[in-house]
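Breakdown of the fold
Chain by chain, the residues run as shown.
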Amino acid sequence: MKAYPDFGHPQGMGASPWFTIRSSKLYPDFGHPEGIGASPWFTVEGDQLYPDFGHPQGMGASPWFTIRSSKLYPDFGHPEGIGASPWFNLR
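Residues numbered from 1 in each chain as written. Predicted model: local features only at pLDDT ≥ 70, side-chain atom pairs only at ≥ 80, totals over all residues. Heavy atoms only, no water.

Focus on the packing of aromatic side chains
Stated precisely, the cut-off is as follows: Stacked, edge-to-face and tilted labels apply to pairs of Phe, Tyr and Trp rings (six-membered ring for Trp) whose centres lie within 6.5 Å, assigned for plane angles under 30 degrees, over 60, and everything in between, in that order. Helix and strand definitions follow DSSP, with helices as H or I runs of at least four residues and strands as E runs of at least two, each counted in order from the N terminus. We call a residue buried when its accessible area falls under 20% of the maximum for its residue type, exposed when it is over 50%, and partly exposed in between, using a 1.4 Å probe and counting protein chains only. Criterion for a charge above a ring: Arg CZ or Lys NZ at most 6 Å from the ring centre, at most 35 degrees from the ring normal.
For the coordinates displayed, the defined rule picks out eight aromatic pairs. Judged by centre distance (5.6 Å) and plane angle (75 degrees), the rings of Phe-19 and Phe-88 are edge-to-face. Of the two residues, Phe-19 is situated in strand β2 (residues 19-22) and Phe-88 in strand β8 (residues 88-90); the sequence distance between them amounts to 69 residues. Look at Phe-88 and you get buried, because its relative accessible area is 3%. Chaining the aromatic ring pairs together yields one cluster made of Trp-18, Phe-19, Trp-41, Phe-42, Trp-64, Phe-65, Trp-87 and Phe-88. Between the NZ or CZ atom of Arg-22 and the centre of the ring of Tyr-27, over which it lies, the distance is 4.0 Å. The ring of Tyr-73 has Arg-68 sitting right over it, with the charged end atom 3.8 Å from the ring centre.

Next up, the structure:
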C-alpha cells in the first residue's frame with residue numbers, strides 16, 4: 001500500500017507516492033521530496049501514525065496522523081495541528 005498526497009496537503013494532490021507501507025511502518029517513497037528512505041518515518045498503531053526513528057525530528061509520543069476511510073488526517077501531534085482535510089490517500 002502507498003500514501004499519495006491528497007487535496008488537504010499543503011503541496012496539493014500528487015500522482016507519485018510519498019510513502020510505502022510495509023509491516024505497519026511508513027517509508028519514504030520515490031515521490032517524497034527527500035526521496036526513497038530505508039528507515040521508517042512513521043509507525044502505525046491502531047488508527048494513528050507516530051513518528052519513528054527515521055523521521056527527521058526523531059521518534060514521537062504524539063500521533064501525527066489519524067487514519068479515517070483510507071485517508072490520513074493531521075492529528076494533534078503534527079506541527080500544524082489537527083486538520084479537517086486529508087493530507088494523504090492510502091491505496
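A short note on unusual backbone geometry
Positioned with a positive phi, Ser-23 is a non-glycine residue whose angle comes to about 50 degrees. Structurally, Ser-23 is set in the loop between β2 and β3 (25-28). Ser-23 sits in the exposed class, given a relative accessible area of 71%. Located in the positive-phi region is Ser-69, a residue other than glycine, with phi close to 50 degrees. Within the fold, Ser-69 resides in the loop between β6 (65-68) and β7 (71-74). Owing to a relative accessible area of 73%, Ser-69 belongs among the exposed residues under this scheme.

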